[in-house]
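# Notes for the structure review
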Amino acid sequence: MDRCSVLSCAEEFRALVAGGERYGVEFKTARLPTNRPQFSEVARAALGMANRRDGGTIIIGVNDDGTAAGLTDEQLATWENNDHVRNALAPFADPYIEFDREVVTIQQGDLAGLRF
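Before going into details, it helps to say that this report is about the structure given with it. None of these values were measured; they are calculated from a predicted model. (Residues numbered from 1 in each chain as written. Predicted model: local features only at pLDDT ≥ 70, side-chain atom pairs only at ≥ 80, totals over all residues. Heavy atoms only, no water.)

### As for the overall build of the protein
On a plain count of helices and strands, the protein comes out with four helices and two strands. Within the protein, buried positions represent 35% of all 116 residues. Taking the contacts inside the protein whose residues are at least 6 apart along the sequence as the reference set, 64% of them involve residues at least 24 apart. Accessible surface, the protein: about 7100 Å² in total, of which carbon and sulfur atoms supply 47%. (Helix = DSSP H or I, 4+ residues; strand = E, 2+ residues; numbered from the N terminus. Buried < 20%, exposed > 50% of the residue type's maximum accessible area, 1.4 Å probe, protein only. Contact = heavy atoms within 4.5 Å. Areas by Shrake-Rupley, 256 points an atom, 1.4 Å probe, with all protein chains shown as cover.)

### Overview of the pattern of salt bridges
Within this structure, the stated rule accounts for four salt bridges. Across the pair Lys-28 and Glu-26 runs a salt bridge whose closest N-O atoms are separated by 3.3 Å. The salt bridge partner of Asp-83 is Arg-86, with a shortest N-O separation of 3.1 Å. Of the two residues, Asp-83 and Arg-86 are both situated in helix H4 (residues 82–89); the distance of three residues between them amounts to about one turn of the helix. Exposure remark for Asp-83: the relative accessible area of 47% places this residue in the partly exposed category. (Salt bridge = Lys/Arg side-chain N within 4 Å of Asp/Glu carboxyl O.)

### Quick notes on the environment of Thr-67
Here Thr-67 lies in the loop between strand E2 (57–60) and helix H3 (73–79). Spatially, the C-alpha atoms of Thr-67 and Phe-27 are 9.4 Å apart, while their sequence positions differ by 40 residues. Setting aside chain neighbours within four positions, we find Thr-67 in contact with Gly-61 and Val-62.

### Brief notes about H4
Since the α-helix turns once every 3.6 residues, residues separated by three or four places project in the same direction. By the burial criterion, the buried members of H4 are Val-85, Ala-88 and Leu-89. One side of H4 holds all its buried residues, which, seen down the axis, span an arc of 95°. For H4, the N-terminal capping position is held by Asn-81, with its side-chain oxygen 2.8 Å away from the main-chain nitrogen of Asp-83. (Arc of directions from axis to C-beta. Polar contact = N/O pair within 3.5 Å; in protein donor to acceptor, adjacent residues only side chain to side chain.)

### Some remarks on the nonpolar core
One finds Phe-39, Val-42, Ile-60, Leu-71, Trp-79 and Leu-89 to be the most contacted residues of the largest nonpolar core, which totals 15 residues. Elements supplying a minimum of two residues to this core: helix H2 (36–50), H3 and H4. Among the elements that make up this core, the one with the highest residue count is H2 (four residues). One finds Val-17, Val-25, Phe-27 and Ile-106 within the second-largest nonpolar core, a separate group that totals 11 residues. (Core = buried A, V, L, I, M, F, W, Y, C linked by side-chain atoms within 4.5 Å.)

### Thoughts on the packing of aromatic side chains
Per the stated rule, a full pass over the model turns up three aromatic pairs. Aromatic pair Phe-39 and Trp-79: ring centres 5.8 Å apart, planes at 40°, arrangement tilted. Here Phe-39 is found in helix H2, whereas its partner Trp-79 is found in helix H3, with 40 residues between them in sequence. With respect to class, Phe-39 is no different from Trp-79; both count as buried. Through a chain of ring-to-ring contacts, three or more aromatic side chains come together here, namely Phe-39, Trp-79 and Phe-92. (Phe/Tyr/Trp six-rings, centres within 6.5 Å; stacked < 30°, edge-to-face > 60°.)

### A look at the environment of Leu-16
Within the element layout of this structure, Leu-16 appears in helix H1 (residues 6–18). For Leu-16 and Ile-59, which are 43 residues apart along the polypeptide, the C-alpha to C-alpha distance reads 9.3 Å.

Right under this line is the structure:
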């Protein structure tokens, strides 16, 4: 699922998080697509990114303050199926939102073992 080597993913991820939330990058806590009230924040961010020329990145599992908490097995399972995520976003957008989803597992350092 990862499109980069483990080391470069970890480095790229750390750099992305270290830059904080900014235009085109948002952090969201581990909200489950099945928890509609909390998921609406993710949907709102996805709509905003969909309206940008070059899209953007939403990192699930990082708090707004930049604290990387990661996803539990249960939380990750709710994000692993593109169709489920697409169906969860569907009530918020017409036409549907196109997105790429990537799971990054950090293998080294203080975030070792965490998935985002």
